[in-house]
Amino acid sequence: MPKFHGVIPPVSTLFTPDLAFDRESQASLIDHMIEGGVHGLFFLGSNGESQHMPIEMRLEIAEFCIAHVAGRVPVLIGIGLPSTTESIKLGQHAAAHGADAVVAINPFYARLSEDNLYRYFREIADNVDLPLMIYNFPVVTGQDMSPELVLKLALDCKNIIGLKDTVDTLSHIRRAIHVIKAQRPDFLVFAGFDEYLHGTLIMGGDGVVPASANFAPQLTVELYEAYRRGDHAAAVAWQQKLVHLSYMTALEAPFYSVVKEGIKMVGFADATAVLPPAAPASPASIQSLHDMLVAAGVLSQPPAVQKLSA
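Given the structure is predicted, the values throughout are model-derived calculations rather than measurements.

Along the chain, the position of S25 falls in helix α1 (residues 23-35). Polar contacts involving the side chain of S25 include one to the side chain of D22, which spans 2.8 Å. Excluding residues that lie within four positions of it along the chain, S25 makes contacts with L14, A269 and A271.

A few words on the nonpolar core. In terms of nonpolar packing, the biggest core is built from 99 residues, with L41, F43, I77, F121, I160 and F215 touching the most fellow members. Residue contributions to this core peak at 7 residues, all from helix α2 (residues 55-69). Non-local contacts of I77, meaning those with residues more than four positions away in its chain, are made with F42, F43, L44, A62, I66, A94, A99, A101, V102 and V103. Ranked by size, the runner-up nonpolar core spans 14 residues in total, among them F42, L76, I161 and L188.

Relative orientation and spacing of two packed helices are given, respectively, by the angle between their axes and the distance between those axes. At their nearest, the axes of helix α11 (residues 256-266) and helix α12 (residues 283-295) sit 10 Å apart, and the two run at 55° to each other. Regarding the angle of α11 to α12, the classification is oblique. In the crossing of α11 with α12, the sense of the turn from one axis to the other is right-handed. Contacts between α11 and α12 involve V258, E261, G262 and M265 from the first element and I286, L289, H290 and L293 from the second.

Taken as a whole and assessed by the stated rule, the structure comprises 13 salt bridges. For E60, the salt bridge identified is with R23, shortest N-O distance 3.5 Å. Residue E60 is located in helix α2, and its partner R23 is located in helix α1; the two are separated by 37 residues in the primary sequence.

Overall, the coordinates contain 6 aromatic pairs when judged by the stated rule. Seen in terms of ring centroids, F42 and Y135 are 6.3 Å apart; in terms of plane orientation they differ by 80°. Their pairing is edge-to-face. Residue F42 is located in strand β2 (residues 41-43), and its partner Y135 is located in strand β5 (residues 132-136); the two are separated by 93 residues in the primary sequence. For the pair F42 and Y135, a shared accessibility class is recorded, and that class is buried. Plain terms: the ring middles of Y135 and F137 are 5.9 Å apart, the flat faces sit at 20° to each other, and that makes the pair stacked. In this structure, Y135 and F137 share a single accessibility class: buried. Over the ring of Y118 we find K152; its NZ or CZ atom is 4.8 Å from the centre of that ring. One cation-aromatic arrangement involves K241 over W238; the distance from NZ or CZ to the ring centre is 5.9 Å.

Across the chain, the average pLDDT comes to 95, with 97% of residues at or above 70. Across residues 304-310, confidence stays below pLDDT 50; counting only partners more than four residues off in sequence or on other chains, it has 10 contacts.

The subject of this paragraph is helix α10 (residues 232-242). Restricting attention to buried positions, one finds in α10 the residues A234, A235, Q239 and L242. Projected down its long axis, α10 carries its buried residues within an arc of 140°, all on one side. At its buried positions, α10 is contacted by α8 (197-202) and α9 (217-228).

Criteria and thresholds
Residues numbered from 1 in each chain as written. Predicted model: local features only at pLDDT ≥ 70, side-chain atom pairs only at ≥ 80, totals over all residues. Heavy atoms only, no water. Helix = DSSP H or I, 4+ residues; strand = E, 2+ residues; numbered from the N terminus. Polar contact = N/O pair within 3.5 Å; in protein donor to acceptor, adjacent residues only side chain to side chain. Contact = heavy atoms within 4.5 Å. Core = buried A, V, L, I, M, F, W, Y, C linked by side-chain atoms within 4.5 Å. Buried < 20%, exposed > 50% of the residue type's maximum accessible area, 1.4 Å probe, protein only. Axes fitted to C-alpha atoms, helices over the stretch in contact; angles between N-to-C directions. Parallel < 35°, antiparallel > 145°, perpendicular 65-115°, else oblique. Left-handed = near helix turned anticlockwise from the far one by under 90°. Salt bridge = Lys/Arg side-chain N within 4 Å of Asp/Glu carboxyl O. Phe/Tyr/Trp six-rings, centres within 6.5 Å; stacked < 30°, edge-to-face > 60°. Lys NZ or Arg CZ within 6 Å of the ring centre and 35° of its normal. pLDDT = per-residue confidence, 0-100. Arc of directions from axis to C-beta.

Quick look at the structure:
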């Protein structure tokens with residue numbers, strides 16, 4: 001197996017009510033996820049609220065999380081920013097503190113030519129002494145990282161090792177697998193949306209980066225392990241449970257508060273504060289999430305929303 005494979009959740013960053021980094025709750029969440037069998041942890045991605053943090057907080061969180069994981073699973077640190085220089089600084093910081101890889105999303109706000117997108121990732125790869133995963137999330141960046149562009153980067157930069165393809169269609173993931181792996185078989189392709197794990201594996205992909213694994217790692221971990229051992233009936237059964245969470249990220253915009261409510265519901269941690277401009281989940285969203293978790297078999301008896309919100 002490659003070092004990076006399987007279920008690598010985008011870990012929620014937990015805060016105290018006054019929006020300081022909650023080290024105790026974060027440690028508890030990390031421990032529960034590792035005990036749940038995840039194959040790696042991705043900190044400071046979209047679900048980690050990195051885009052709403054000052055740089056100093058990102059550095060503090062990266063250092064703490066790398067140290068607390070302490071080599072139990074591979075650690076990936078999100079470093080993507082619109083500034084190439086700042087992204088490189090974050091990557092070098094991650095390398096200096098023991099991260100196993102970095103993840104960079106393409107710059108947002110200003111639309112870039114393919115040549116400029118290429119230069120952004122090439123400069124990071126050339127200046128950060130770690131494996132680099134490309135994060136494609138066109139809904140938030142406004143630009144798709146085409147499989148052809150990713151292939152060019154993969155062929156030119158051996159430390160660019162994979163793609164997190166957060167697109168709401170399997171056809172894009174399929175093209176990435178077929179276009180890139182045909183010329184670089186060791187290149188890794190991960191689904192960015194939980195529900196596409198089974199399809200990604202069937203097509204030759206390597207895993208998933210699932211927000212649901214913050215509170216229900218068993219859904220994706222058991223699916224992946226069943227697929228690996230050839231128990232396809234079990235894999236399909238887990239996929240059918242997982243599909244109940246397909247609309248989770250549509251409950252709030254952004255969805256970070258919904259994931260934190262799920263963490264609270266299952267008892268991993270009790271810190272649901274989110275950084276502005278995000279806001280706490282509404283009672284209706286909390287109830288909808290709870291219903292999804294019951295349907296997926298994660299929770300057995302839904303308590304009233306009033307108790308969940310207390």
